[in-house]
Amino acid sequence: MEIRGKVALVTGSGRRVGRAIATALASRGCHLVLHYRTAAAEARALAAEAARLGVKAVPAGADLADPAAAAPLVRAAEEAFGRLDILVNNAAIFPRTPLGEVTAEAWDAILAVNLRAPFLLAQAAAPLMLRGGGGRIVNLADISAERPFPGYIPYCVSKAGLIALTRGLARALAPDVLVNAIAPGTVLWPEDYPVEARERELRRTPLQRTGTPEDVARAVLFLLEGADFVTGQVLALDGGRSLT
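Residues numbered from 1 in each chain as written. Predicted model: local features only at pLDDT ≥ 70, side-chain atom pairs only at ≥ 80, totals over all residues. Heavy atoms only, no water.

**Q** Mind showing me how you'd approach the overall build of the chain here?
**A** In terms of regular secondary structure, the chain is built from seven helices and seven strands. Secondary structure elements of the chain, listed N to C terminal, follow the sequence β-α-β-α-β-α-β-α-β-α-β-α-α-β. Against the 2.2 N^0.38 benchmark of 18 Å for 244 residues, the chain shows a C-alpha radius of gyration of 17 Å, consistent with a compact globule. Counting across all 244 residues of the chain, residues that qualify as buried make up 50%. When contacts within the chain are restricted to residue pairs at least 6 apart in sequence, long-range pairs at least 24 apart make up 76% of them. For the chain, the accessible surface area stands at approximately 11,200 Å², while carbon and sulfur atoms represent 55% of it. A distance of 3 Å separates the average location of the 27 positive side-chain charges in the chain from that of its 24 negative side-chain charges. (Helix = DSSP H or I, 4+ residues; strand = E, 2+ residues; numbered from the N terminus. Rg over C-alpha atoms; globule rule 2.2 N^0.38 Å. Buried < 20%, exposed > 50% of the residue type's maximum accessible area, 1.4 Å probe, protein only. Contact = heavy atoms within 4.5 Å. Areas by Shrake-Rupley, 256 points an atom, 1.4 Å probe, with all protein chains shown as cover. Lys, Arg positive; Asp, Glu negative; His and termini not counted. Charge placed at Lys NZ, Arg CZ, Asp CG, Glu CD.)

The following block contains the structure:
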């Protein structure tokens, strides 16, 4: 795909990995719908940065825990640009959930944002993509989908579900919409992640470092620009962690 002049919706784009992805897309000439939940100022700043790069970016606030939030985000793309070519499902929540403390409400809240919202966004985006001749969907999964963290079981389940969703969508939307996932290892530590656990993870990672948001952004660009014969796949971006 030549992404210059195309339109992308990136969820959770105000901060961290989402911001790096959106910035990389803007640098390639891709127009943007910048979803955020609380990072309104950051999304506006990113829109201004995109304008300096010669592309249009529209901030769009929404709480993805609300099932009614997905369709308006897609409509924002249609109203601003008349099309949507790329959906990057990046937004997620990652609360620590020790087994004995997980409530039904906590379980539902995590899966609502991390799994239900990507499905609803893809469902809403697909007709607009197909009307425009096709598109790309990239889901941000996690290596914990296959190697679950015991203190984050609902999160890991949501990411395992996202991989299944990726494969199901790839079949349902072929051949016009390609759907793939990226499964990062450690990119940015959660603020409450214990120091000893961080050190243990680094020792188990062959490349002996954490990843960066820019590493993820480059992987997204690969799936968009250089992988026209790839769909339904999961790219492990983990410094070799899944080998150990």
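**Q** Can you help me understand unusual backbone geometry in this one?
**A** The general pattern is negative phi for most residues beyond glycine and trans for most peptide bonds. Looking along the chain, the bond that leaves alanine 174 and enters proline 175 is cis, with omega of 5°. Following the sequence through the fold, proline 175 ends up in the loop between helix H5 (153–173) and strand E6 (177–184). Residue glutamine 208 is not a glycine yet carries a positive backbone phi of 60°. Take glutamine 208: its relative accessible area is 53%, and that puts it in the exposed class.

**Q** I would appreciate a short explanation of the environment of leucine 165 in the present structure.
**A** Here leucine 165 is to be found in helix H5. Looking at leucine 165, the relative accessible area reads 14%, which means it is buried. As for leucine 165 and asparagine 139, which are separated by 26 residues in sequence, their C-alpha atoms are 9.1 Å apart.

**Q** Got a minute to help me understand helix H7 (residues 213–225) in this structure?
**A** Helix length check: H7, at 13 residues, gives a terminal C-alpha distance of 18 Å against a target of 18 Å (1.5 Å per residue), a fit within 8%. Taken together, the buried positions of H7 are Pro213, Asp215, Val216, Ala217, Ala219, Val220, Leu221, Leu223 and Leu224. (Expected span 1.5 Å × (residues − 1).)

**Q** Just checking my understanding: could you explain the nonpolar core for this structure?
**A** Buried together is how nonpolar side chains tend to be arranged in soluble globular proteins. Counting 37 residues, the largest nonpolar core has Leu84, Leu87 and Ile137 as the members making the most contacts within it. Elements represented by at least two residues in this core include exactly strand E1 (7–10), helix H3 (70–81), helix H4 (104–131), H5 and E6. In terms of residue count, the dominant contributor to this core is H4 (eight residues). Excluding residues that lie within four positions of it along the chain, leucine 84 makes contacts with Val7, Ala8, Leu9, Val74, Ala77, Ala125, Leu128 and Met129. Judged by nonpolar contacts, the second largest core, of 33 residues, contains Cys30, Leu34, Ile86 and Ala217. (Core = buried A, V, L, I, M, F, W, Y, C linked by side-chain atoms within 4.5 Å.)

**Q** Explanation requested: the packing of aromatic side chains in the structure shown.
**A** Each aromatic ring pair is characterised by the separation of its centres together with the angle its planes make. Across all of its chains, the model carries three aromatic pairs by this definition. Between the aromatic rings of phenylalanine 94 and tyrosine 155, the centroid separation amounts to 4.3 Å while the plane-to-plane angle is 70°, which identifies the pairing as edge-to-face. Residue phenylalanine 94 is found in the loop between strand E4 (86–89) and H4, and its partner tyrosine 155 is found in helix H5; the two are separated by 61 residues along the sequence. Relative accessible area serves as the criterion here: at 24%, phenylalanine 94 is assigned to the partly exposed category. Measuring from centroid to centroid gives 6.4 Å for phenylalanine 149 and tyrosine 152, while their planes differ by 80°, and the two rings are edge-to-face. Tyrosine 152 carries the same exposure label as phenylalanine 149, and that label is buried. A connected cluster of aromatic rings, assembled from ring pairs, spans Phe94, Phe149, Tyr152 and Tyr155. Above the ring of phenylalanine 81, the side-chain terminus of lysine 56 is found at 5.4 Å from the ring centroid. (Phe/Tyr/Trp six-rings, centres within 6.5 Å; stacked < 30°, edge-to-face > 60°. Lys NZ or Arg CZ within 6 Å of the ring centre and 35° of its normal.)

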